[in-house]
Amino acid sequence: MKLNRRVFIGTSATAAATLAAPSVFAAGHGKPRVVVVGGGAGGATAARYIAKDSKGKIDVTLIEPTRMYYTCFFSNLYLGGFKEIDDLGHSYGGLAAGGVNVVHDWATGVDRDAKTVALAGGGSVPYDKLILSPGIDFVDGAVEGWDLSAQNVMPHAYKGGSQTELLKAQLMAMPEGGTFAMVAPPNPYRCPPGPYERVSMVAHYLKANNPTAKIIVADPKPKFSKQALFQEGWANHYEGMIDWIGADFGGGNVSVDPNAMTVTIDGEETSVDVCNVIPAMKAGRIAELAGVTDGNWAPVNAADMSSKADGDIYVLGDAASQGDMPKSGFSANSQAKVCANAVRGALTGSKVFPAKFSNTCWSLIDTNDGVKVGATYEATEEKIAKVDGFISATGESADLRRATYEESEGWYAGITADMFG
């Protein structure tokens, strides 16, 4: 099915209509309060749906430090020259107009006993239910020689916005015949095909602007998402430009020197002109501060995305340890709708429907050469479990690949409207 904005929003509207059944307040309480931390694909969607479907019966506050949200999904297309940075930016005005109280500040702590969220600017916000959707942070020491102090020299560009712009500027400033290096992350991480779509988009830019440049990818994994599709595309479009070094060839034995601009892979040092370091990831810091993480991620119950550590806290998207779903914008949006339904039901007595989830990840390899992978999921006692899936095939026609790319554009328009109103 071709998924365009009308289909995406229409499907969401149908779900919203079923969620908007008459309901009553929980006995003995005033107007219930929901606080959402993080205004991305999970948090913005949850805040919007709870405010919209409760018709003002729930007080919804979204805490998000940035006034403009730049999507990490589709940011690779900016690197490749297919998008402008403004195409990726979205404001919170639509959410505010829809009844969400948007607070632009950092959440710095959670008092689970008092049920309050502390703000960097002072004071705190009380909640009855708390939804955490903080995205990712990086594991300290994951790549030898790199930490956050080096991100302006060797950017990660795995959070949308200024880091994406920096990596693009470095790419454009590469000398003729220069070397672009990527240190890819270990599993699990945000957007499994993302690093390899990025390699494709960097190659697309270099082929047009710096055709003798080279790309080196040091990867700690022996295989990666859509590998056959990407490698087919690299051979077809960028022959001889990309050198992928997987775990079997020392791709996991990597160190970097930001001062010298060198990358050492399995003992062999190489001078590079641009180095994109994507470290190992973990849940955004507020999840750890709230005490809902176990290791790097926050375990949740599949039926409603509630934390296994605290039934009044929910964790969405990249930060959650939930089972089979990949960490993606589509996944976060899907989880947010399940969570919003459950939270509204818990606070107002409205009907709660069985949890169902879906995800699709599109990637662009070259102009109009789009591929995708996706699946549907259901909640079990143990986890969010995959029901069935699909993936593009190698050797597909140019017309089908173009249609897949156009489908992704429709999805982007649809999901951002679904998130921000």
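Data block above holds the structure.
These numbers were taken from a predicted model, which means no experiment stands behind them. (Residues numbered from 1 in each chain as written. Predicted model: local features only at pLDDT ≥ 70, side-chain atom pairs only at ≥ 80, totals over all residues. Heavy atoms only, no water.)

1. Some points on the state of the cysteines
Cysteine pairs can be covalently joined through their sulfur atoms, and such a bond is termed a disulfide.
Here comes step 1: For the coordinates displayed, the defined rule picks out zero disulfides.
Here comes step 2: Not engaged in a disulfide, the cysteine Cys72 finds its nearest cysteine sulfur in Cys191; these two sulfurs lie 7.4 Å apart.
Here comes step 3: Free of any disulfide, Cys361 has its nearest neighbouring cysteine sulfur in Cys191, separated by 5.1 Å.
Here comes step 4: Under the relative-accessibility criterion, Cys361 is labelled buried at 7%. (Disulfide = S-S within 2.5 Å. Buried < 20%, exposed > 50% of the residue type's maximum accessible area, 1.4 Å probe, protein only.)

2. So, the packing of helix α9 (residues 329–348) against helix α10 (residues 398–420)
Here comes step 1: Between α9 and α10, the shortest axis-to-axis distance is 11 Å and the interhelical angle comes to 40 degrees. As judged from the angle between their axes, α9 and α10 are oblique. Handedness of the crossing formed by α9 with α10: left-handed. Of α10, the residues touching α9 (which contributes Gly329, Phe330, Asn333 and Lys337) are Trp411, Ile415, Asp418 and Met419.
Here comes step 2: Split by residue class, the contact of α9 with α10 holds four nonpolar, two polar and two charged. (Axes fitted to C-alpha atoms, helices over the stretch in contact; angles between N-to-C directions. Helix = DSSP H or I, 4+ residues; strand = E, 2+ residues; numbered from the N terminus. Parallel < 35°, antiparallel > 145°, perpendicular 65-115°, else oblique. Left-handed = near helix turned anticlockwise from the far one by under 90°. Contact = heavy atoms within 4.5 Å. Nonpolar A, V, L, I, M, F, W, Y, C, P; charged D, E, K, R; others polar.)

3. A word on the sheet that holds strand β23 (residues 369–379)
Sheet strands associate in pairs through backbone hydrogen bonding, adopting either a parallel or an antiparallel arrangement.
Here comes step 1: Reading across from one edge, β22-β23-β24 is the order of the three strands in this open sheet, with antiparallel pairing throughout. In the strand order of this sheet, the two ends are held by β22 (356–366) and β24 (384–391), each with one partner. The average angle at which neighbouring strand axes cross in this sheet is 20 degrees, direction not considered.
Here comes step 2: Sheet strands touched by α10: β22 and β23. Its angle to β23, the strand with the most contacts, is close to 55 degrees. (Pairing = 2+ DSSP bridges.)

4. A short note on the environment of Asn341
Here comes step 1: You can see Asn341 is positioned in helix α9.
Here comes step 2: On the basis of relative accessible area, Asn341 is assigned to the buried category, the value being 5%.
Here comes step 3: For Asn341 and Ser54, which are 287 residues apart along the polypeptide, the C-alpha to C-alpha distance reads 9.7 Å.
Here comes step 4: Among the polar contacts made by the side chain of Asn341, one reaches the main-chain amide nitrogen of Phe353 at a distance of 2.9 Å. (Polar contact = N/O pair within 3.5 Å; in protein donor to acceptor, adjacent residues only side chain to side chain.)

5. As for the packing of aromatic side chains
Here comes step 1: This model, assessed by the stated rule, comprises 16 aromatic pairs.
Here comes step 2: With 6.4 Å between their ring centres and 45 degrees between their planes, Phe74 and Trp411 make a pair best called tilted. Within this pair, whereas Phe74 is found in the loop between β3 (68–70) and α3 (75–80), its partner Trp411 is found in helix α10, the two being separated by 337 residues in sequence.
Here comes step 3: On the accessibility criterion, Phe74 (9% relative accessible area) is buried.
Here comes step 4: Relative to Phe224, the ring of Tyr196 lies with its centre 3.8 Å away and its plane at 10 degrees, an arrangement referred to as stacked. (Phe/Tyr/Trp six-rings, centres within 6.5 Å; stacked < 30°, edge-to-face > 60°.)

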